[in-house]
Amino acid sequence: MSAKITLGSNGKLLVPNHPTIPFIEGDGIGPEIWKVAQKVFDTAVAKAYNGERKIEWKEMLAGEKAFKQTGEWLPAATLQTAKDYIISIKGPLTTPIGGGIRSLNVAMRQDLDLFACVRPVKWFKGVPSPVIHPEQVNMTIFRENTEDIYAGIEWKAGSPEAMKFEKFLLEEMGVTSVRFPGDSSYGVKPVSSQGSKRLVRAAIKYALENNLPSVTLVHKGNIMKFTEGGFKNWGYEVARQEYGDATFTWDEWDQLKKQFGEAHANEMQRKALHDGKLLVKDMIADNFLQQILIAPKDFSVVATLNLNGDYISDALAAEVGGIGIAPGANINYNTGYAVFEATHGTAPKFAGTDSMNPSSVILSGCMMLEYMEWKEAAELISSALQAAIMRKRVTIDFYNLMNGATLLKTSEFGDEIIANMGVVIGDAQLKKSSSL
């Protein structure tokens, strides 16, 4: 009998054996990749737990399907369902033209206060990549999801609102750096201590729980000193004040250098890292975008603001095979609310062709299963997908970049993953018996 996932008094999710999980199939290619993904999830859960666990799926509406049926792009009932059931998953959604909603994805994140956009980026062996050593890319991005430029506070040039705002800047705030008054659009960039700290807190906790070596605060604080610079400073405060026994920070190193000299500061850092402390460091965003090409192995967990995180996540995805294989989640670690999603667009011209790669939504489902602590099912899917890639039985995006590959349709690729689950389970059993 199905039941809701709930949040325990200790802040941990309570997941029944037959949880109800809402889904949005998505627009464009969404329905066909969702159909494949759902079949993969159901098979993996059944095989991993010998039929003792099962997901009961509940559709909720958003996007074009919602608009056709209800006249709304994002019905209030959908948002309430996502809250009631805590965990949900979605395909790609179109961006409405007009109607007062800039982005359905952003609207969901803000209404549910899903403050962390979590994007793990790692390479699957055999996936074509434009870099020489994609195996060195293994990072998890924590992107602040509710503030920054994406808060949507902006006014079009020439509008009454823009003119009123401009007048306030020029006449009351003494601003002299508006290059073209009367001809400028304006956007506001809110960045708060509270929003920054909860994001960095989640990133540090994730790194510690997964025994990872570092958290890097990526920012443009050299230019935007009170917003991006504030993010960096507040991030270091969290590390020092809340995780001081478990971390060593670069600003701590800087203080030691000023007090005792560089040699002593370096020695203290070496000792801290030798003792297993988490290194919390920072890097200017443009330098970081260079370093992920030059030395990606130097980074494990990255915490950054909304706009930077958007650029960084997709740049890293390109290094490991593209956004078509990139998973993502939007999470509030305080309430437990989480929406897992395909990170690519709707690709409407390919809708109904049964040709696109469903890996983004499938791997997002793996993240969902891990969040539920159904890790065995997640690992089974991941290993079976890796086997499909190694056998070069892939969809057209990878087929065009591989020599000797077999071209599969979206549905056939899902069946290939499922077929490989038996091989993965057989190999695991063989290893277990040989070790006895």
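Since the structure is predicted, the reported quantities are computational estimates derived from the model, not experimental observations.

Chemist: Honestly, the side chain of Thr 343 in this entry has me stumped. Any pointers?
Modeler: You can see Thr 343 is positioned in the loop between strand S15 (338-342) and helix H12 (359-371). Residue Thr 343 is classed as buried on the basis of its relative accessible area, which comes to 16%. Within the local environment of Thr 343, its side chain forms a polar contact with the backbone oxygen of Ala 326, the two atoms lying 2.7 Å apart. With residues near it in sequence (within four places) discarded, Thr 343 still touches Arg 119, Ile 323, Ala 326, Pro 327, Gly 328 and Ser 360.

Chemist: Would you mind showing me how to read the pattern of salt bridges here?
Modeler: Opposite charge on two side chains allows them to pair when their charged atoms are near. Counting across every chain of the model gives 21 salt bridges. Of the charged contacts in the structure, one is a salt bridge between Glu 341 and Lys 90, with a shortest N-O distance of 3.1 Å. Of this pair, Glu 341 sits in strand S15 while Lys 90 is found in strand S5 (residues 87-90), placing the two residues 251 residues apart along the sequence. Take Glu 341 and Lys 90: they sit in the same class, and that class is buried. Each of Glu 25, Glu 59 and Lys 65 takes part in salt bridges that share partners, so that together they form one network.

Chemist: Sorry, what's going on with the pairing of strand S14 (residues 327-331) here?
Modeler: Here is the key point about a regular strand: its side chains alternate between the two faces of the sheet. Along S14, five of the five residues are buried, which leaves the element largely enclosed by surrounding structure. Side chains Pro 327, Ala 329 and Ile 331 of S14 all project onto a buried face; the interleaved residues Gly 328 and Asn 330 project onto the opposite face, where all are buried too. Note that strand S6 (residues 116-122) and S14 share three bridges and pair antiparallel. When the sheet's bridge partners are listed, Cys 117 is paired in S14 with Asn 330. Sheet topology note: the S14/S15 ladder contains five bridges and is antiparallel. The residue of S15 that forms the bridge with Ala 329 is Phe 340. In sequence, S14 turns back onto S15 through a hairpin of six residues, with Gly 336 there showing a positive phi of about 90 degrees.

Criteria and cut-off values
Numbering of residues begins from 1 in every chain and follows the order in which that chain's sequence is written. Only residues with pLDDT of at least 70 are given local features in this predicted model, and only at 80 or more are side-chain atom pairs given and counted; all residues enter the totals for whole chains, interfaces and linings. For side-chain calculations, the full set of non-hydrogen atoms in the structure is used, while hydrogens and water are omitted. Strands here mean DSSP runs of E at least two residues long; helices mean DSSP runs of H or I at least four residues long; both are numbered from the N terminus. Only protein chains enter the area calculation, which uses a 1.4 Å probe; residues under 20% of their type maximum are buried, those over 50% are exposed, and those in between are partly exposed. For the purposes of these results, a polar contact is taken to be a pair of N or O atoms within 3.5 Å, where, inside protein, one atom must be able to donate a hydrogen and its partner to accept one; residues adjacent in sequence count only when each atom of the pair is a side-chain atom. What makes two residues a contact is simply this: any of their non-hydrogen atoms within 4.5 Å. Each salt bridge in this description consists of a side-chain nitrogen of Lys or Arg and a carboxyl oxygen of Asp or Glu lying within 4 Å of one another. By definition, two strands form a pair when at least two bridges between them are found by DSSP.

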